[in-house]
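The primary structure of each chain is shown beneath.
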Amino acid sequence: MSRIRSVAGSTLGVHRRTLLAATGAVSLSVGVGYALRPTDSEAATATDARAAAEAPVAPARTAAAAPLVPYTRGTTLAAVAAPRTSSGYRRLGDGPGWQRVVRSELAAPKSGRAGRRTALAAFVQLTDLHLIDSQHPLRLEFLRSADVHAWRPHEALTVPGAISLVERVNALRGAPVTGSPLHFAMTTGDNTDNNAKSELEWFLKIMSGGRVTPNTGDPRHYEGVQNSGLKQYWQPESTTRDADKQLGFPHLEGFLAAAIREMNSPGLTIPWYSTVGNHDAMPLGTYGHGDSYLAEFAAGGRKLMSLSASEARKLQDTLKGDSDPKGTYFRDLLKAHARDLRSVTPDEQRAPFTAAEYIKAHLDPAYKGAGPVGHGYSAANVEAGTQYYSFRISDDVIGISLDTTDAGGHYNGSIGAAQLNWLDRTLKQARTNSSYAIVFSHHTSGTMTNLRPDPARPNDRRHGGEDVLGVLGRHPNALAWVNGHIHKNVVTPHTGSGGHSFWEISTASHVDFPQLARIIEVVDNKDGTLSLFTTLIESAAPHRTDFTDLSQTGLAALYRELSFNAPGSSTSLGGGAGDRNTELVLKKG
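Rules and cut-offs
Residues numbered from 1 in each chain as written. Predicted model: local features only at pLDDT ≥ 70, side-chain atom pairs only at ≥ 80, totals over all residues. Heavy atoms only, no water. 1 Å grid on protein atoms, 1.4 Å probe; cavity = no way out; pocket = protein on both sides within 12 Å on 5 of 7 lines; lining within 4 Å. Points joined across faces, edges and corners; volume = space filled by probe spheres on them. Helix = DSSP H or I, 4+ residues; strand = E, 2+ residues; numbered from the N terminus. Nonpolar A, V, L, I, M, F, W, Y, C, P; charged D, E, K, R; others polar. Buried < 20%, exposed > 50% of the residue type's maximum accessible area, 1.4 Å probe, protein only. Axes fitted to C-alpha atoms, helices over the stretch in contact; angles between N-to-C directions. Parallel < 35°, antiparallel > 145°, perpendicular 65-115°, else oblique. Left-handed = near helix turned anticlockwise from the far one by under 90°. Contact = heavy atoms within 4.5 Å. Expected span 1.5 Å × (residues − 1). Pairing = 2+ DSSP bridges.

## Let's talk about the layout of surface pockets
The probe, sized like a water molecule, is rolled over the atoms to show the empty space still left. Of the volumes computed, that of the largest pocket is approximately 1000 Å³. In terms of lining, the largest pocket is formed by 31 residues, of which the most central are H149, R152, H279, Y411 and H487. Elements that contribute at least two residues to the lining of the largest pocket include exactly α7 (278-281) and α9 (309-320). At three residues, the largest contribution of residues to the lining of the largest pocket is made by α9. Taken together, the residues of the lining of the largest pocket break down into nine nonpolar, 12 polar and 10 charged. Size it by volume and the second largest pocket reaches roughly 620 Å³. Lining the second largest pocket we find 32 residues, and of these G385, Q387, A407, D454 and R457 sit closest to its centre. Those elements that place two or more of their residues in the lining of the second largest pocket are α7, α11 (355-363), α12 (379-384), β16 (415-416) and α13 (417-432). No other element matches α11, which puts four residues into the lining of the second largest pocket.

What follows is the structure, given as structure tokens:
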């Protein structure tokens, strides 16, 4: 399929595929007969699905040829944050990089492929940023009395941490294997943490560029658990011997003021696309919309900060057991503890947002950044009430973004029959057009187990991960399913009933250590096989922290180190060697 010369050559001519990296990918459709050209700012009506799938790519332009050189600086091939002390609160420093592992479960790698391969696409996946309004009244910090990891000491620093990740992506001069320009970035959901308008604004400004003030409520100072005097939370500016200080967490005067001051994001310098996650779709990532008490509480002036361990366990059981999809038990709990609520400054910016508001915010020209307008979404999504779409990555590859959230409630996901059929049609049309496909979603195949009906579409049967795997396995042009949700690096081979194979690539979050994103390169080995190269990256913040440095960069470094030391945190989220920097070999369909 590819018409690009081998990356082993000294020079590559600039053609349409390379040009797409600079101009942005092409939106194809949202399942309702719309298409976008590279320069369009609004959806253009297509006559049918075939016309949408054949949306034109950017016209050729004359440009000077330039060599493509593999770029590994700043990737985990070069170095990875690692502890340099052995006990107590452990300080981070530079550790050895992670070697690349060849995965051959789906096809045997053939010798000499490095000299033959040609680049088809290269992009970055960011997932589970979980931008947190840490002062939000509708948070569950008080569950820490039963589960120490229910609140994490670094939660006030998600904004500088995410900005630093944007800075890392911007510093990449090319892909680490082929040297190809990076075509785009895709966020695979949980961009926000609590379905709050404040968090959505911060996310869009971080991705598109602008000044961000990660503060709600009182503009003068922080109001939350970290200056509450409660010993179950780290009190960074207090002399209180809290539970975290007993583990070696530092006393940091000025930490809270620094965490809520204005910060600046350069915005991504490559086009970026957005996929929705359960924390973007529902309050707390689990409660379906509709309870007016919870909506008012979110923007109101009261906050519950402490709860007994027994009551916390009961609430946590309702969350894990999926027995309270609308938040009724949670609402009654808040009402029962009315006398225990602390006063905070009300703020309408903390109100929850709807699916339509989420899409409209992406369509706001103020957040266009490097483009495209809508970041995958279009007015057609607003009209149809959908949050899935397809887009062209390069001459040979399309991207498909799914909505796996279940509006009926709970953090696990599924998709409706209409979307599953659309996915099947889109893959079929792409194959007709000789295009490979990369599928993006928030949930993994194993976490699409929530088949509760969508209240807006009660007759649209829900389908789980096995049904999605079945559809992908029927299409030989489906190369990979890229997702997040589980906060862990996992790479899984899949073979469909028809013998067609693809890889499922699940990437760790940027909120829990090791705080990663992933570069993915698609190459044709010119020997009957394809390879997907995955390379993990960290933020641009230095591995070593300085407790006296509360600058934006210093806070981003501290964000990583605090997450490493967070009590109760998992040490396995980085995955095994075969889940990190890999070459995933596939037979051509």
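## Focus: the side chain of N191
For N191, the location among the structural elements is in the loop between β8 (184-188) and α5 (197-208). The exposure class of N191 is buried, given its relative accessible area of 1%.

## A look at the packing of α9 against helix α10 (residues 328-336)
Running from amino to carboxyl end, α9 crosses α10 at an angle of 160 degrees, the nearest separation of the two axes being 10 Å. Taken together, the axis directions place α9 and α10 in an arrangement best described as roughly antiparallel. Seen along the crossing, α9 lies across α10 with a hand that is left-handed. Here E311, K314, L315 and T318 of α9 come into contact with α10, specifically with Y329, F330 and L333. Among the residues making up the contact of α9 with α10, the classes are represented as four nonpolar, one polar and two charged.

## Observations regarding α5
For the α-helix, the turn length of 3.6 residues means that residues three or four positions removed from each other point alike. Taking 1.5 Å per residue, 12 residues should reach 16 Å; α5 reaches 16 Å between its end C-alpha atoms and fits that length. The buried fraction of α5 amounts to nine of the 12 residues, a majority that puts the element mostly inside the structure. Here α5 has its buried residues at S198, E199, L200, W202, F203, L204, I206, M207 and S208. The elements touched by buried residues of α5 are α4 (158-171), β8, β9 (210-212), β10 (263-265), β11 (272-275) and α11. At the C-terminal side of α5, G209 shows a positive phi close to 105 degrees.

## Here we look at the pairing of strand β7 (residues 118-126)
Burial analysis of β7 places nine of its nine residues in the buried class, the great majority of the element. Of the strand pairs in this sheet, β7 and strand β22 (residues 517-524) are connected by seven bridges, and their pairing is antiparallel. Bridge pairing links T118 to D524 in β22. As defined by bridge partners, β7 adjoins β8 across four bridges and the pair is classed as parallel. Across the sheet, the residue bridging to L126 is T187, located in β8.

## What to know about the environment of H221
On the secondary structure map, H221 appears in the loop between β9 and α6 (255-259). For H221, a relative accessible area of 38% corresponds to the partly exposed category. Along the sequence, H221 and A257 sit 36 residues apart, while their C-alpha atoms lie 6.6 Å from each other. Apart from residues no more than four positions distant in its own chain, H221 is found in contact with Q135, N215 and I260.

## Remarks on α4
A rise of 1.5 Å per residue sets the reference length of α4, with its 14 residues, at 20 Å; its end C-alpha atoms lie 20 Å apart and thus fit the reference within 8%. Burial runs high along α4: 11 of the 14 residues are buried. Considered for burial, the residues of α4 that qualify are T158, V159, P160, G161, A162, I163, S164, L165, V166, R168 and V169.

## As for unusual backbone geometry
With an omega of -10 degrees, the peptide bond running from G371 to P372 counts as cis. If you trace the backbone, P372 turns up in the loop between α11 and α12. A cis amide bond links F513 with the next residue in sequence, P514, at an omega value of 20 degrees. Phi is positive for D190, which is not a glycine, with a value near 55 degrees. Within the fold, D190 resides in the loop between β8 and α5.

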